[in-house]
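Now for the letters of each chain:
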Amino acid sequence: MRTADFAPLYRSTVGFDHLFRLIDTLASDGETANGFPPYNIERTDENAYRITMAVAGFGEGDLEIEVKEGSLVVRGRKAGDTDKREFLHRGIAERSFERRFQLADHVEVDGADLRDGLLHIKLKRNLPERLKPRQIAINADGTPTQIEAAA
């Protein structure tokens with residue numbers, strides 16, 4: 001169910017349509033109600049992030065990470081039990097899952113590793129030079145010149 005009408009904003013803004021689509025996608029996304037697998041998102045540096053997912057019971061061959069069109073998709077698929085085991089209690093979820101994360105512009109996956117049942121996905125924001133802040137000196141004759149690029 002859509003809770004906001006963006007039609008008036010479409011008439012008065014240019015270039016924000018991707019933002020409105022993202023909000024619509026997140027609002028209608030049913031998987032957010034499903035909390036499996038649990039995950040953390042943390043900022044590790046000014047331009048670095050890490051997503052940590054609890055994927056107990058999944059090995060490297062059971063997990064797939066894909067980046068496509070600004071979206072990070074993590075899938076886990078367990079092969080069916082070939083042996084017939086009798087569980088007295090089954091508390092470890094081994095069901096297949098798909099978790100999606102929308103990435104901001106210029107955020108790229110920098111790597112992933114699996115340790116102790118936790119999948120760590122490293123993300124890094126790489127701003128192009130043209131988007132980084134810079135100082136412009138004002139000359140007496142009125143011609144602007146670039147004097148220093150901020151790191």
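Report follows, based on the coordinates. (Residues numbered from 1 in each chain as written. Predicted model: local features only at pLDDT ≥ 70, side-chain atom pairs only at ≥ 80, totals over all residues. Heavy atoms only, no water.)

Looking at the element boundaries, H120 is found in strand β7 (residues 118–125). A polar contact is formed between the side chain of H120 and the side chain of T52, at a distance of 3.1 Å. (Helix = DSSP H or I, 4+ residues; strand = E, 2+ residues; numbered from the N terminus. Polar contact = N/O pair within 3.5 Å; in protein donor to acceptor, adjacent residues only side chain to side chain.)

Counting 16 residues, the largest nonpolar core has M53, L72, V74, F97 and L123 as its most contacted members. For this core, the secondary structure elements donating two or more residues are β2 (48–54), β4 (71–76), β5 (97–102) and β7. Residues in contact with L123, not counting those within four places in the same chain, are N47, A48, Y49, I51, L72, L103, V107, E108, V109 and D110. (Core = buried A, V, L, I, M, F, W, Y, C linked by side-chain atoms within 4.5 Å. Buried < 20%, exposed > 50% of the residue type's maximum accessible area, 1.4 Å probe, protein only. Contact = heavy atoms within 4.5 Å.)

A complete count under the given rule lists 3 aromatic pairs for this structure. Consider the rings of F58 and F97, whose centres lie 5.3 Å apart with planes at 85°: the pair is edge-to-face. Taken together, the residues span a long stretch of sequence, with F58 in the loop between β2 and β3 (63–68) and F97 in strand β5 at a distance of 39 residues. Accessibility assignment for this pair places F58 and F97 in one class, buried. An aromatic cluster of at least three residues, connected via ring pairs, comprises F36, F58 and F97. The ring of F58 has K78 lying over it, and the distance from NZ or CZ to the ring centre is 5.7 Å. (Phe/Tyr/Trp six-rings, centres within 6.5 Å; stacked < 30°, edge-to-face > 60°. Lys NZ or Arg CZ within 6 Å of the ring centre and 35° of its normal.)

It is worth spelling out the sheet that holds β3 at this point. Judged by pairing direction, the sheet is antiparallel, and its 3 strands sit side by side in the order β3-β4-β5 without closing on themselves. Each edge of the open sheet is held by one strand with a lone partner, namely β3 and β5. Along the sheet, successive strands turn relative to each other by an average axial angle of 15°, direction set aside. Where β3 lies against β4, 6 bridges are found, and the strand directions are antiparallel. Bridge pairing in β4 links L63 to G76. (Pairing = 2+ DSSP bridges. Axes fitted to C-alpha atoms, helices over the stretch in contact; angles between N-to-C directions.)

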